[in-house]
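If you want the building blocks of each chain, they are given just below.
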Amino acid sequence: MGFKCGIVGLPNVGKSTIFNAITASEQAAAANYPFCTIEPNTGMVPVPDPRIDRLVQIVKPAKVQPAMMQFVDIAGLVKGASENAGLGNKFLSHIRDVDAIAHIVRCFEDTDIIHVMDSVDPLRDIEVIEAELAIKDMETLDARIERVEKLSRSGDKEAQRQFNVLKRVRDHLDGGGQAREVKLDDNDRPIIDEMRLLTDKPVLFVANVHEKDLPAGNRFSDAVRKWAADHGAGCVLISGKIESEIALLPREERASFLEGLGLSHSGLDNLINAGYRLLGLRTYFTAGPKEVRAWTIHAGDTAPVAAGKIHSDFQRGFIAADCISFKDYDQYGGEQSAKAAGRMRTEGKSYVVEDGDVILFHFNV
């Protein structure tokens with residue numbers, strides 16, 4: 001699994017159209033009226049990575065497993081969603097477990113597509129959604145604060161510490177901020193992590209523009225880019241219409257289609273790559289005649305932690321890891337040639353796995 005991404009936004013900003021395109025499916029109803037998405041739609045998407053194609057070419061495995069990421073598309077939110085307007089309160093609970101949020105923002109004008117607030121104003125739209133997420137989080141925090149406050153009054157020092165941390169975050173949200181903006185030390189961070197607050201999740205703003213505005217964007221998307229930069233978030237441009245057309249093409253025709261538009265990558269590729277950067281994710285590979293597979297880890301993960309992604313026994317009984325960089329694996333045409341050229345390294349428990357490493361783990365349990 002790469003990561004799990006929740007898709008949010010106002011109605012009629014292109015959420016379901018983009019979801020259908022990036023998952024190459026028709027799972028999400030796309031219609032010109034609010035709340036056409038009732039239950040959350042989920043879709044699994046392979047993470048695009050040309051390195052895995054090269055590994056397959058070299059190894060010729062029986063099976064290929066790219067890294068996968070999951071998109072969760074919930075109904076369009078409106079002002080008052082946290083208090084059940086548009087049934088939004090129910091929908092907000094569906095994104096508690098995602099790793100990051102993709103906030104789709106409408107950055108195009110089209111009189112044929114109704115805007116729920118009657119005009120295109122991406123910064124206003126962002127503030128509406130973020131306010132609703134914050135209100136929902138304050139509701140969650142209030143319930144926890146009430147419990148720990150009772151304990152703290154009895155002299156429970158741990159409860160007092162928790163109360164102070166929770167109140168600090170609550171006050172920040174009440175002042176118009178987001179939980180992810182509050183700086184917490186390593187001791188206090190777990191208190192907030194376990195709350196799974198919506199505004200504590202990394203955010204990637206997705207500016208949905210008209211096809212004619214790719215790749216540079218327009219005044220609306222420029223405003224979203226600046227907002228994202230000022231708030232420590234990521235930002236990518238996507239044309240829902242273009243992504244829908246790409247999804248209908250055979251894979252071998254997509255590169256030339258993009259080239260004709262002056263684009264080097266699809267919006268989906270840009271979205272996934274931006275998500276990986278935002279979350280600090282890396283990829284390593286296992287490669288053999290049975291399977292070539294991509295595995296997702298966090299930057300800084302050691303070899304035993306990476307091994308644990310395959311199976312907990314690999315981490316528990318870790319002995320060593322035979323590593324070849326993808327560059328060397330590619331250059332020498334496989335494991336044996338790379339090993340013969342002295343490009344295979346045997347690494348121990350303290351080794352920090354590099355992006356693109358091709359690894360064979362040794363373990364004993």
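For the structure given in this document, a descriptive report is provided here. (Residues numbered from 1 in each chain as written. Predicted model: local features only at pLDDT ≥ 70, side-chain atom pairs only at ≥ 80, totals over all residues. Heavy atoms only, no water.)

**Some words on helix H5 (residues 157-174)**
Between its terminal C-alpha atoms H5 stretches 25 Å, which fits the 26 Å expected from 18 residues at 1.5 Å a residue. Looking only at H5, the buried set comprises Ala159, Gln162, Phe163, Val165, Leu166, Val169, Arg170 and Leu173. Tucked into the core, H5 has its buried residues touching helix H4 (122-153) and helix H6 (189-193). Structurally, the start of H5 carries an N-cap: the backbone nitrogen of Glu158 is 3.0 Å from a side-chain oxygen of Asp156. Taken from the residues just after H5, Gly176 is the one with a positive phi, measuring 100°. (Helix = DSSP H or I, 4+ residues; strand = E, 2+ residues; numbered from the N terminus. Expected span 1.5 Å × (residues − 1). Buried < 20%, exposed > 50% of the residue type's maximum accessible area, 1.4 Å probe, protein only. Contact = heavy atoms within 4.5 Å. Polar contact = N/O pair within 3.5 Å; in protein donor to acceptor, adjacent residues only side chain to side chain.)

**Notes on the state of the cysteines**
Per the counting criterion, the structure on display carries zero disulfides. Of all cysteine sulfurs in the structure, the one in Cys235 sits closest to Cys107, which takes part in no disulfide; the separation is 7.7 Å. Taking relative accessible area as the criterion, Cys235 reaches 25% and is therefore assigned partly exposed. (Disulfide = S-S within 2.5 Å.)

**Thoughts on the packing of H4 against H5**
Two numbers describe how H4 lies on H5: the axes approach to 9 Å, and their chain directions differ by 155°. Our classification of the angle between H4 and H5 gives roughly antiparallel. Of the two possible hands of crossing, H4 and H5 adopt the one that is left-handed. For the pair formed by H4 and H5, the contact residues are Ala134, Asp137, Met138, Leu141, Asp142, Arg144, Ile145, Val148, Glu149, Leu151 and Ser152 on the first element and Ala159, Gln160, Gln162, Phe163, Leu166, Lys167, Val169, Arg170, Leu173 and Asp174 on the second. Here the residues of the contact of H4 with H5 sort into eleven nonpolar, three polar and seven charged. (Axes fitted to C-alpha atoms, helices over the stretch in contact; angles between N-to-C directions. Parallel < 35°, antiparallel > 145°, perpendicular 65-115°, else oblique. Left-handed = near helix turned anticlockwise from the far one by under 90°. Nonpolar A, V, L, I, M, F, W, Y, C, P; charged D, E, K, R; others polar.)

**Examining the packing of helix H8 (residues 240-248) against helix H9 (residues 251-260)**
One way to put it is that H8 packs onto H9 with a least axis distance of 9 Å and a crossing angle of 150°. Here H9 runs roughly antiparallel to H8, going by the angle between their axes. Each of Ile242, Glu245, Ile246 and Ala247 in H8 lies in contact with H9, whose residues at this interface are Arg254, Phe257 and Leu258. Among the residues making up the contact of H8 with H9, the classes are represented as five nonpolar, no polar and two charged.

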